[in-house]
Amino acid sequence: MTQNLGDLRLFIEAASLGSLSAAGRKMGLSPAASSARLVKLEASLNTRLFERTTRRLRLTAEGAMYLAHCQQALDALDDAQAALQAGRSAVSGKLRIAATSDFGRNVLQGWLEEFNRLHPQITLALILGDAVANLLQDDLDLAIRFGVPQNSSMVARPLAFNRRVLCASPAYVAAQGMPEHPDDLHRFRCIVLFSASGMANEWRFERDGKVASFVVPAAGARETNDGAVARAWAIGGHGIAMKSIWDIGADLQAGRLQVLMPEWRTPDAPVHAFYQRTRYMAPRVRALLDFLVERFAQAGTELEALLRRHG
């Protein structure tokens, strides 16, 4: 059944504000009219969208799923109206982007500021974290992630090459020595990431067709669920970390970190932009994707040169 756009906007506002009466006031509706509209919407869907308490509305699981779809649909309508009013070149609205903590702070934040100067009518929301984001549930337009795509329900657009390298501070290497083979790593303190799926403590390598791996013992490792913390620990001389070249490029350039065992390559983990599989792409998302492709190409050339200098 086709829903009334006013009812959908009321639903979205109520979810955002946590209050049906506040949403109604914002839209110029009385509490009774707001309640009647929500009851009608739930009846038409045969689904309960909110759990109601005396203090606050709370979305049900079905309501949260419906909210993400409604927001996407209304954003598309708003974009279409803006394009008609301002021309096809208009780029405006809110962009919600997710990225890993280190890359988001060290690289993407500056790029987004540059993008925003080119398109001042864009409002940015940058969500950082090393957990894999759910584009639909988290209401995201774009997620930047390293590695091979696992979820075929999303579009994964390749943006750039990426290598993960072992790294440590020069002070740590001076004090503890330099590993030459993966088997040597058991003598060193390592820094590993963990997530809800477990510890990322199996490090795999390849050299001249030979494959080797090292499982970091949990007992002797420093652990964190934040890539930025792992990088800071490595810079601070607390051990060896496995990091993306995109995260530590500036540290290598400045001499804060150095690459270890460069002749042992790790599996490639290309950078991808993930977005919803839909026929419609908002002009602001398309503009950002085009911008990122250009920036990754420029920065990737510099990183490749940096890797060559470091072995």
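Residues numbered from 1 in each chain as written. Predicted model: local features only at pLDDT ≥ 70, side-chain atom pairs only at ≥ 80, totals over all residues. Heavy atoms only, no water.

### What to know about the nonpolar core
Core analysis: the biggest nonpolar cluster contains 44 residues, and Phe103, Trp111, Leu142, Ile144, Trp246 and Phe296 have the highest contact counts within it. Sorting elements by how many residues they give to this core places helix α9 (residues 283-309) first, with eleven residues. Contact partners of Ile144, with chain neighbours within four places excluded, come to Ile97, Ala98, Ala99, Thr100, Phe103, Leu108, Leu159, Val271, His272, Ala273, Leu292 and Phe296. (Core = buried A, V, L, I, M, F, W, Y, C linked by side-chain atoms within 4.5 Å. Buried < 20%, exposed > 50% of the residue type's maximum accessible area, 1.4 Å probe, protein only. Helix = DSSP H or I, 4+ residues; strand = E, 2+ residues; numbered from the N terminus. Contact = heavy atoms within 4.5 Å.)

### Observations regarding the pattern of salt bridges
This model, assessed by the stated rule, comprises 13 salt bridges. In this structure, the salt-bridge partner of Arg37 is Asp7, at a minimum N-O distance of 3.6 Å. One end of the pair, Arg37, is in helix α3 (residues 31-45); the other, Asp7, is in helix α1 (residues 5-17), with 30 residues separating them in the sequence. Taking the relative accessible area as the measure of exposure, Arg37 reaches 28% and is therefore partly exposed. Across the salt bridge formed by Lys243 and Asp102, the nearest N and O atoms sit 3.0 Å from each other. Within this pair, whereas Lys243 is found in strand β13 (residues 240-244), its partner Asp102 is found in helix α5 (residues 101-118), the two being separated by 141 residues in sequence. Salt bridges sharing common partners tie together Asp102, Arg231, Lys243, Asp247, Asp251 and Arg256. (Salt bridge = Lys/Arg side-chain N within 4 Å of Asp/Glu carboxyl O.)

### Focus on the pairing of strand β8 (residues 190-195)
Inspection of the sheet shows β8 paired to β13 by two bridges, in the parallel sense. Counterpart to Cys190 in the pairing with β13 is Ile240. Direction of pairing for β8 relative to strand β12 (residues 222-224): parallel, over a ladder of three bridges. Counterpart to Leu193 in the pairing with β12 is Thr224. Note: β8 against strand β9 (residues 198-199), two bridges, orientation antiparallel. The residue of β9 that forms the bridge with Ser195 is Gly198. A loop of two residues connects β8 with β9, the two strands running antiparallel in sequence. (Pairing = 2+ DSSP bridges.)

### Points about the environment of Gln253
Here Gln253 lies in helix α8 (residues 245-254). Once residues lying within four places of it in the same chain are set aside, the contact partners of Gln253 are Leu306 and Arg309. Among the polar contacts made by the side chain of Gln253, one reaches the side chain of Arg309 at a distance of 3.2 Å. (Polar contact = N/O pair within 3.5 Å; in protein donor to acceptor, adjacent residues only side chain to side chain.)

### With respect to the packing of aromatic side chains
Tallied over the entire structure, the rule returns eleven aromatic pairs. Here the aromatic rings of Phe103 and Phe146 are separated by 5.7 Å at their centres, their planes lie at 75°, and the arrangement is edge-to-face. You can see Phe103 sitting in helix α5 and its partner Phe146 sitting in strand β5 (residues 142-146), a full 43 residues away along the chain. Like Phe146, Phe103 is buried. Geometrically, the ring pair formed by Trp246 and Phe296 is edge-to-face, given 5.0 Å between the ring centres and 70° between the ring planes. You can see Trp246 sitting in helix α8 and its partner Phe296 sitting in helix α9, a full 50 residues away along the chain. Considered together, Trp246 and Phe296 belong to a single accessibility category, that of buried residues. The ring of Trp233 carries Arg222 above its face, with NZ or CZ at 4.9 Å from the centroid. (Phe/Tyr/Trp six-rings, centres within 6.5 Å; stacked < 30°, edge-to-face > 60°. Lys NZ or Arg CZ within 6 Å of the ring centre and 35° of its normal.)

### Some words on the environment of Arg284
In this fold, Arg284 is placed in helix α9. Considered as a pair, Arg284 and Asp141 are 143 residues apart in the sequence and their alpha carbons are 9.5 Å apart.

### A look at the pairing of strand β7 (residues 164-168)
Most of β7 sits inside the fold, with four of its five residues counted as buried. As paired strands, β7 and β13 are joined by four bridges and run antiparallel to one another. Across the sheet, the residue bridging to Leu166 is Met242, located in β13. In this structure, β7 lies alongside strand β14 (residues 258-260), joined through three bridges in antiparallel fashion. By the bridge assignment for β14, Ala168 is matched with Gln258.

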